[in-house]
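This is what each chain is made of:
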Amino acid sequence: MLEGKRGIVFGVANEYSIAWAIAKAANEHGAQLAITYQNERFEETVRKLAASLNDPMVLQCDVSEDGQIVRVYDEISRQWGKLDFVVHSIAYAPRAALEGKFLDTTREDFLLAHDISVYSFIAVTRQAVPLMTEGGSVLTLTYLGSERAVPGYNVMGVCKAALEACVRYLAAELGERNIRVNALSPGPIKTLAARGIPGFTKMLDLVKERAPMRRSTLQEEVGKMAVVLLSDYASAITGEVIYVDCGYHIMGL
Ligand code: NAD
(Lines give C-alpha, C1' and ligand atoms only; values in the text may rest on other atoms or scores of the structure.)
Protein backbone atom coordinates (compact mmCIF):
# COMPACT_ATOMS: atom_id res chain seq x y z
CA MET A 1 0.00 0.00 0.00
CA LEU A 2 2.94 2.36 0.56
CA GLU A 3 5.32 1.22 -2.18
CA GLY A 4 7.43 4.11 -3.47
CA LYS A 5 6.53 6.35 -0.52
CA ARG A 6 8.98 7.89 1.91
CA GLY A 7 7.96 8.89 5.40
CA ILE A 8 9.18 9.93 8.80
CA VAL A 9 7.90 8.55 12.11
CA PHE A 10 8.60 10.71 15.18
CA GLY A 11 8.51 9.21 18.69
CA VAL A 12 9.95 5.71 18.83
CA ALA A 13 11.06 4.94 22.40
CA ASN A 14 10.95 1.14 22.52
CA GLU A 15 9.24 -1.94 21.05
CA TYR A 16 5.95 -1.02 22.78
CA SER A 17 5.75 2.48 21.24
CA ILE A 18 2.78 3.12 18.97
CA ALA A 19 5.30 4.87 16.69
CA TRP A 20 7.21 1.59 16.38
CA ALA A 21 4.06 -0.36 15.49
CA ILE A 22 3.32 2.22 12.79
CA ALA A 23 6.90 2.12 11.49
CA LYS A 24 6.83 -1.68 11.30
CA ALA A 25 3.49 -1.72 9.47
CA ALA A 26 4.56 1.02 7.03
CA ASN A 27 7.81 -0.82 6.37
CA GLU A 28 5.92 -4.08 5.71
CA HIS A 29 3.77 -2.20 3.21
CA GLY A 30 6.76 -0.99 1.25
CA ALA A 31 7.50 2.49 2.62
CA GLN A 32 11.03 3.75 3.05
CA LEU A 33 11.37 5.21 6.52
CA ALA A 34 13.14 7.66 8.75
CA ILE A 35 12.47 7.17 12.44
CA THR A 36 13.36 9.49 15.30
CA TYR A 37 14.11 9.06 18.98
CA GLN A 38 14.11 11.80 21.62
CA ASN A 39 17.63 11.59 23.04
CA GLU A 40 20.67 9.39 23.79
CA ARG A 41 18.68 7.46 26.41
CA PHE A 42 16.65 5.81 23.65
CA GLU A 43 19.29 5.63 20.92
CA GLU A 44 20.61 2.12 21.45
CA THR A 45 17.15 0.54 21.75
CA VAL A 46 15.83 2.37 18.71
CA ARG A 47 18.87 1.56 16.56
CA LYS A 48 18.48 -2.12 17.45
CA LEU A 49 14.79 -2.03 16.47
CA ALA A 50 15.58 -0.15 13.27
CA ALA A 51 17.90 -2.94 12.16
CA SER A 52 14.77 -4.94 11.25
CA LEU A 53 13.56 -2.22 8.84
CA ASN A 54 14.50 -1.92 5.19
CA ASP A 55 17.33 0.66 4.97
CA PRO A 56 15.95 3.23 7.44
CA MET A 57 17.34 6.61 8.49
CA VAL A 58 17.58 6.82 12.29
CA LEU A 59 17.73 10.36 13.62
CA GLN A 60 17.65 12.11 16.98
CA CYS A 61 14.96 14.73 17.49
CA ASP A 62 14.02 16.42 20.72
CA VAL A 63 11.03 18.46 19.57
CA SER A 64 11.53 21.04 22.32
CA GLU A 65 14.39 22.39 20.17
CA ASP A 66 13.59 23.99 16.81
CA GLY A 67 17.20 23.38 15.71
CA GLN A 68 16.84 19.61 16.06
CA ILE A 69 13.63 19.59 14.00
CA VAL A 70 15.32 21.64 11.27
CA ARG A 71 18.35 19.30 11.29
CA VAL A 72 16.12 16.24 10.81
CA TYR A 73 14.42 17.76 7.77
CA ASP A 74 17.74 18.99 6.35
CA GLU A 75 18.92 15.38 6.44
CA ILE A 76 15.73 14.16 4.76
CA SER A 77 16.02 16.83 2.13
CA ARG A 78 19.66 15.91 1.51
CA GLN A 79 19.09 12.15 1.30
CA TRP A 80 15.61 11.93 -0.25
CA GLY A 81 14.75 15.39 -1.60
CA LYS A 82 11.03 14.72 -1.03
CA LEU A 83 8.66 13.32 1.57
CA ASP A 84 5.26 11.61 1.39
CA PHE A 85 4.19 11.22 5.01
CA VAL A 86 4.82 12.26 8.59
CA VAL A 87 3.73 10.45 11.75
CA HIS A 88 3.81 12.46 15.00
CA SER A 89 3.59 10.08 17.96
CA ILE A 90 4.86 12.27 20.79
CA ALA A 91 3.36 13.49 24.05
CA TYR A 92 4.65 14.59 27.41
CA ALA A 93 3.32 16.09 30.63
CA PRO A 94 5.18 16.36 33.93
CA ARG A 95 4.12 13.61 36.33
CA ALA A 96 2.93 16.15 38.92
CA ALA A 97 0.41 17.51 36.43
CA LEU A 98 -1.10 14.05 35.97
CA GLU A 99 -1.00 12.93 39.59
CA GLY A 100 -2.47 16.01 41.21
CA LYS A 101 -5.82 17.71 40.74
CA PHE A 102 -6.46 19.28 37.33
CA LEU A 103 -7.39 22.48 39.19
CA ASP A 104 -3.82 22.67 40.49
CA THR A 105 -2.13 22.52 37.05
CA THR A 106 0.72 25.04 37.12
CA ARG A 107 1.40 27.51 34.32
CA GLU A 108 4.81 25.93 33.80
CA ASP A 109 3.45 22.36 33.48
CA PHE A 110 0.59 23.55 31.24
CA LEU A 111 2.98 25.29 28.85
CA LEU A 112 5.51 22.44 28.78
CA ALA A 113 2.83 19.81 28.09
CA HIS A 114 1.41 21.93 25.25
CA ASP A 115 4.84 22.71 23.83
CA ILE A 116 5.85 19.04 23.53
CA SER A 117 2.45 17.46 22.84
CA VAL A 118 0.77 20.08 20.63
CA TYR A 119 3.09 22.77 19.27
CA SER A 120 5.55 20.12 18.08
CA PHE A 121 2.87 18.79 15.73
CA ILE A 122 2.62 22.18 14.00
CA ALA A 123 6.41 22.48 13.91
CA VAL A 124 7.08 19.05 12.34
CA THR A 125 4.27 19.58 9.83
CA ARG A 126 5.54 23.04 8.78
CA GLN A 127 9.02 21.70 8.02
CA ALA A 128 7.55 18.79 6.04
CA VAL A 129 5.34 20.85 3.73
CA PRO A 130 8.07 22.10 1.33
CA LEU A 131 9.23 18.48 0.85
CA MET A 132 5.72 17.18 0.10
CA THR A 133 5.91 18.19 -3.52
CA GLU A 134 3.49 15.49 -4.68
CA GLY A 135 1.00 15.86 -1.81
CA GLY A 136 1.25 13.98 1.45
CA SER A 137 -0.31 12.56 4.57
CA VAL A 138 0.31 13.76 8.12
CA LEU A 139 -0.84 11.79 11.12
CA THR A 140 -0.86 12.35 14.88
CA LEU A 141 -2.01 10.33 17.89
CA THR A 142 -4.77 11.53 20.20
CA TYR A 143 -7.00 10.13 22.93
CA LEU A 144 -10.65 10.29 24.04
CA GLY A 145 -9.55 12.38 27.05
CA SER A 146 -9.76 15.32 24.61
CA GLU A 147 -13.57 15.31 24.75
CA ARG A 148 -14.39 13.43 27.95
CA ALA A 149 -13.05 14.08 31.44
CA VAL A 150 -10.90 11.02 32.08
CA PRO A 151 -9.62 10.95 35.69
CA GLY A 152 -5.82 11.22 35.79
CA TYR A 153 -5.52 12.39 32.17
CA ASN A 154 -5.79 16.01 33.32
CA VAL A 155 -3.72 18.51 31.32
CA MET A 156 -3.04 15.88 28.67
CA GLY A 157 -6.78 15.91 27.85
CA VAL A 158 -6.55 19.64 27.20
CA CYS A 159 -3.47 19.03 25.05
CA LYS A 160 -5.31 16.41 23.01
CA ALA A 161 -8.27 18.77 22.49
CA ALA A 162 -5.83 21.38 21.17
CA LEU A 163 -4.05 18.76 19.06
CA GLU A 164 -7.32 17.72 17.43
CA ALA A 165 -8.06 21.38 16.67
CA CYS A 166 -4.60 21.61 15.08
CA VAL A 167 -5.52 18.63 12.88
CA ARG A 168 -8.54 20.55 11.56
CA TYR A 169 -6.72 23.88 11.05
CA LEU A 170 -3.76 22.25 9.32
CA ALA A 171 -6.09 20.11 7.18
CA ALA A 172 -7.99 23.24 6.12
CA GLU A 173 -4.79 25.05 5.11
CA LEU A 174 -2.95 22.19 3.46
CA GLY A 175 -5.78 20.55 1.55
CA GLU A 176 -5.14 22.57 -1.61
CA ARG A 177 -1.62 21.15 -1.72
CA ASN A 178 -3.13 17.66 -1.53
CA ILE A 179 -1.68 17.22 1.95
CA ARG A 180 -4.08 15.40 4.28
CA VAL A 181 -3.93 15.75 8.08
CA ASN A 182 -5.60 13.27 10.43
CA ALA A 183 -5.43 11.80 13.91
CA LEU A 184 -5.85 8.28 15.23
CA SER A 185 -7.43 7.87 18.64
CA PRO A 186 -6.52 4.48 20.12
CA GLY A 187 -7.91 2.97 23.29
CA PRO A 188 -5.49 2.55 26.20
CA ILE A 189 -2.33 0.58 25.35
CA LYS A 190 0.46 -0.30 27.79
CA THR A 191 3.42 1.85 26.71
CA LEU A 192 6.06 3.97 28.42
CA ALA A 193 3.91 7.11 28.15
CA ALA A 194 0.81 5.27 29.41
CA ARG A 195 2.65 4.18 32.53
CA GLY A 196 2.80 7.84 33.56
CA ILE A 197 -0.99 8.07 33.77
CA PRO A 198 -2.24 7.38 37.29
CA GLY A 199 -4.78 4.52 37.39
CA PHE A 200 -3.85 3.32 33.90
CA THR A 201 -4.42 -0.36 34.79
CA LYS A 202 -7.90 0.49 36.05
CA MET A 203 -8.57 2.32 32.76
CA LEU A 204 -7.57 -0.79 30.86
CA ASP A 205 -9.83 -3.00 33.01
CA LEU A 206 -12.79 -0.65 32.49
CA VAL A 207 -12.29 -0.69 28.73
CA LYS A 208 -12.18 -4.49 28.71
CA GLU A 209 -15.44 -4.53 30.64
CA ARG A 210 -17.35 -1.84 28.69
CA ALA A 211 -16.03 -1.63 25.12
CA PRO A 212 -18.35 -3.30 22.60
CA MET A 213 -15.49 -5.65 21.68
CA ARG A 214 -14.67 -6.34 25.37
CA ARG A 215 -10.99 -5.57 24.91
CA SER A 216 -8.65 -2.67 24.29
CA THR A 217 -6.54 -1.90 21.25
CA LEU A 218 -3.28 -3.54 20.19
CA GLN A 219 -0.39 -1.47 18.86
CA GLU A 220 -0.54 -3.51 15.64
CA GLU A 221 -4.14 -2.44 15.07
CA VAL A 222 -3.11 1.22 15.25
CA GLY A 223 -0.28 0.41 12.84
CA LYS A 224 -2.68 -1.08 10.29
CA MET A 225 -5.06 1.89 10.38
CA ALA A 226 -2.11 4.25 10.12
CA VAL A 227 -1.01 2.51 6.91
CA VAL A 228 -4.48 3.10 5.44
CA LEU A 229 -4.44 6.81 6.33
CA LEU A 230 -0.90 7.27 5.03
CA SER A 231 -1.79 5.53 1.78
CA ASP A 232 -3.75 6.59 -1.28
CA TYR A 233 -6.63 4.42 -0.03
CA ALA A 234 -7.51 7.38 2.21
CA SER A 235 -7.09 9.96 -0.56
CA ALA A 236 -10.28 11.87 0.33
CA ILE A 237 -9.99 11.73 4.12
CA THR A 238 -8.64 14.78 5.94
CA GLY A 239 -9.23 16.65 9.19
CA GLU A 240 -10.56 13.53 10.89
CA VAL A 241 -10.10 11.89 14.25
CA ILE A 242 -10.48 8.17 13.71
CA TYR A 243 -11.07 5.94 16.74
CA VAL A 244 -9.18 2.67 16.93
CA ASP A 245 -10.61 1.73 20.32
CA CYS A 246 -12.76 -1.40 19.89
CA GLY A 247 -15.79 0.91 19.96
CA TYR A 248 -15.31 2.22 23.51
CA HIS A 249 -16.09 5.86 22.61
CA ILE A 250 -19.63 5.09 21.39
CA MET A 251 -20.80 3.91 24.81
CA GLY A 252 -22.85 6.10 27.16
CA LEU A 253 -22.01 4.05 30.24
P1 NAD B 1 5.71 6.10 24.07
O2 NAD B 1 6.25 6.49 25.41
O3 NAD B 1 6.24 4.88 23.46
O4 NAD B 1 5.84 7.31 23.03
C5 NAD B 1 5.88 8.66 23.43
C6 NAD B 1 7.07 9.26 22.71
O7 NAD B 1 7.14 10.67 22.95
C8 NAD B 1 8.41 8.66 23.20
O9 NAD B 1 9.12 8.17 22.09
C10 NAD B 1 9.11 9.85 23.81
O11 NAD B 1 10.53 9.78 23.69
C12 NAD B 1 8.51 10.96 22.96
N13 NAD B 1 8.78 12.29 23.50
C14 NAD B 1 8.43 12.83 24.69
N15 NAD B 1 8.98 14.06 24.82
C16 NAD B 1 9.66 14.31 23.67
C17 NAD B 1 10.46 15.39 23.19
N18 NAD B 1 10.69 16.48 23.93
N19 NAD B 1 11.01 15.28 21.95
C20 NAD B 1 10.83 14.18 21.20
N21 NAD B 1 10.10 13.11 21.60
C22 NAD B 1 9.54 13.18 22.82
O23 NAD B 1 4.12 6.00 24.29
P24 NAD B 1 2.93 5.85 23.23
O25 NAD B 1 1.77 5.42 24.05
O26 NAD B 1 3.36 5.09 22.06
O27 NAD B 1 2.65 7.37 22.83
C28 NAD B 1 2.62 7.83 21.48
C29 NAD B 1 1.43 8.74 21.25
O30 NAD B 1 0.23 7.97 21.35
C31 NAD B 1 1.27 9.88 22.25
O32 NAD B 1 0.85 11.04 21.57
C33 NAD B 1 0.19 9.37 23.17
O34 NAD B 1 -0.51 10.42 23.82
C35 NAD B 1 -0.69 8.68 22.15
N36 NAD B 1 -1.69 7.75 22.70
C37 NAD B 1 -1.30 6.72 23.50
C38 NAD B 1 -2.26 5.88 24.03
C39 NAD B 1 -1.87 4.77 24.95
O40 NAD B 1 -2.75 4.25 25.67
N41 NAD B 1 -0.65 4.33 24.99
C42 NAD B 1 -3.62 6.06 23.72
C43 NAD B 1 -3.99 7.11 22.87
C44 NAD B 1 -3.00 7.95 22.37
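Rules behind the numbers
Residues numbered from 1 in each chain as written. Predicted model: local features only at pLDDT ≥ 70, side-chain atom pairs only at ≥ 80, totals over all residues. Heavy atoms only, no water. Helix = DSSP H or I, 4+ residues; strand = E, 2+ residues; numbered from the N terminus. Polar contact = N/O pair within 3.5 Å; in protein donor to acceptor, adjacent residues only side chain to side chain. Contact = heavy atoms within 4.5 Å. Salt bridge = Lys/Arg side-chain N within 4 Å of Asp/Glu carboxyl O. Buried < 20%, exposed > 50% of the residue type's maximum accessible area, 1.4 Å probe, protein only. Pairing = 2+ DSSP bridges. Axes fitted to C-alpha atoms, helices over the stretch in contact; angles between N-to-C directions.

Peer 1: An account of the side chain of Thr217 is requested, with residue identities and associated values reported.
Peer 2: Within the secondary structure, Thr217 is located in the loop between α8 (200-210) and α9 (219-230). Looking at Thr217, its side chain comes within polar contact range of the main-chain nitrogen of Gly187, at 3.2 Å. At a separation of 2.7 Å, a polar atom in the side chain of Thr217 contacts the main-chain carbonyl oxygen of Val244. Ignoring sequence-local partners within four residues, the contact set of Thr217 consists of Pro186, Gly187, Pro188, Ile189, Val222, Val244, Asp245 and Cys246.

Peer 1: Residues and numbers for the environment of Arg210, please.
Peer 2: Within the secondary structure, Arg210 sits in helix α8. Distance from Arg210 to Leu131, taken between C-alpha atoms, is 44 Å for residues 79 residues apart in sequence. Leave out the neighbours within four places in its chain, and Arg210 touches Tyr248, Met251 and Leu253.

Peer 1: Run through the pattern of salt bridges, naming residues and quoting values.
Peer 2: Evaluated as defined, the whole model comprises 8 salt bridges. A salt bridge links Lys5 to Asp232; the shortest N-O distance between them is 3.2 Å. Residue Lys5 is found in the segment before β1 (6-10), and its partner Asp232 is found in the loop between α9 and β7 (241-244); the two are separated by 227 residues along the sequence. Residue Asp232 is classed as exposed on the basis of its relative accessible area, which comes to 55%. The partner of Arg95 in a salt bridge is Glu99, and the shortest N-O contact between them spans 3.2 Å. Here Glu99 and Arg95 lie together in helix α4 (residues 95-99), a separation of 4 residues that amounts to about one turn.

Peer 1: Report on the sheet that holds strand β6 (residues 179-186), specifying residues and quantitative values.
Peer 2: The strand order β3-β2-β1-β4-β5-β6-β7 describes an open sheet built from 7 strands, whose pairing is parallel. Either end of the sheet is taken by a strand with one partner, and the two such strands are β3 (57-60) and β7. Between one strand axis and the next, the sheet turns through 20 degrees on average, direction left out of account. As defined by bridge partners, strand β2 (residues 32-37) adjoins β3 across 4 bridges and the pair is classed as parallel. What sits directly across from Ile35, in β3, is Val58.

So far we have only geometry, and geometry alone does not tell us how the molecule works.
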